[in-house]
Amino acid sequence: MSSYIDLLKAAQSGDTAAATVLYEQYQPLIKKLSWHDGIFDMDLYQTLSVAFLVALSKFEIR
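Summary of the structure given here. Since this is a predicted model, take the numbers as computed values, not measurements.

So, the packing of helix α2 (residues 16-33) against helix α3 (residues 42-58)
- As a packed pair, α2 and α3 sit with axes 10 Å apart at the nearest point and diverge in direction by 140°. In terms of orientation, α2 lies oblique with respect to α3. The interaxial crossing formed by α2 with α3 has right-handed handedness. In this structure, α2 contributes Ala19, Leu22, Tyr23, Tyr26, Gln27, Ile30, Lys31 and Leu33 to the contact, and α3 contributes Leu44, Tyr45, Leu48, Ser49, Phe52 and Leu56.

Side note on the nonpolar core
- Listed in full, the 11 residues of the largest apolar core are Leu7, Leu8, Ala11, Ala18, Ala19, Leu22, Tyr23, Ile30, Tyr45, Phe52 and Leu56.
- For this core, the secondary structure elements donating two or more residues are α1 (4-12), α2 and α3.
- With 5 residues, α2 is the single largest residue contributor to this core.
- Contact partners of Tyr45, with chain neighbours within four places excluded, come to Tyr23, Gln27, Ile30, Lys31, Ser34 and Phe40.

Rules and cut-offs
- The residue numbering used here restarts from 1 in each chain and proceeds along that chain's sequence as written.
- This being a predicted model, a pLDDT of at least 70 is required before a residue's local features are given, and a value of 80 or more before pairs of side-chain atoms are given or counted; all residues contribute to the totals for chains, interfaces and linings.
- Calculation of side-chain values draws on the structure's entire complement of heavy atoms; hydrogens and water are dropped beforehand.
- The axes are straight lines fitted to the C-alpha atoms, using for helices just the contacting stretch, and the angles between their N-to-C directions are given from 0 to 180°.
- The helix count covers DSSP runs of H or I at least four residues long, the strand count covers runs of E at least two residues long, and both are numbered beginning at the N terminus.
- If an angle is under 35 degrees, it is roughly parallel; if it is over 145, roughly antiparallel; if it lies from 65 to 115, roughly perpendicular; otherwise it is oblique.
- The handedness criterion is simple: a crossing whose near helix is rotated anticlockwise from the far helix by less than a right angle is left-handed, and one whose near helix is rotated clockwise is right-handed.
- Contacts: residue pairs with any heavy atoms within 4.5 Å of one another.
- Note on terminology: a nonpolar core comprises buried Ala, Val, Leu, Ile, Met, Phe, Trp, Tyr and Cys residues joined through side-chain atoms within 4.5 Å.
- For the exposure calls, accessible area comes from a 1.4 Å probe over protein chains only, and a residue counts as buried if that area is under 20% of its type's maximum, exposed if over 50%, partly exposed in between.

Below, the structure is given as structure tokens:
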């Protein structure tokens, strides 16, 4: 299993498999945050998913 930093670096280099692994790790949180007033909001889910992927590409690794 790759380390988290290795996955981040691979995803930032264009490795879609690494990005998928990271997305799947955070998907439960994204789903949890997609509920509004007791209703699952698919638009919010999609917005959060895109925001995650954008943040993933911009994340600074030190």
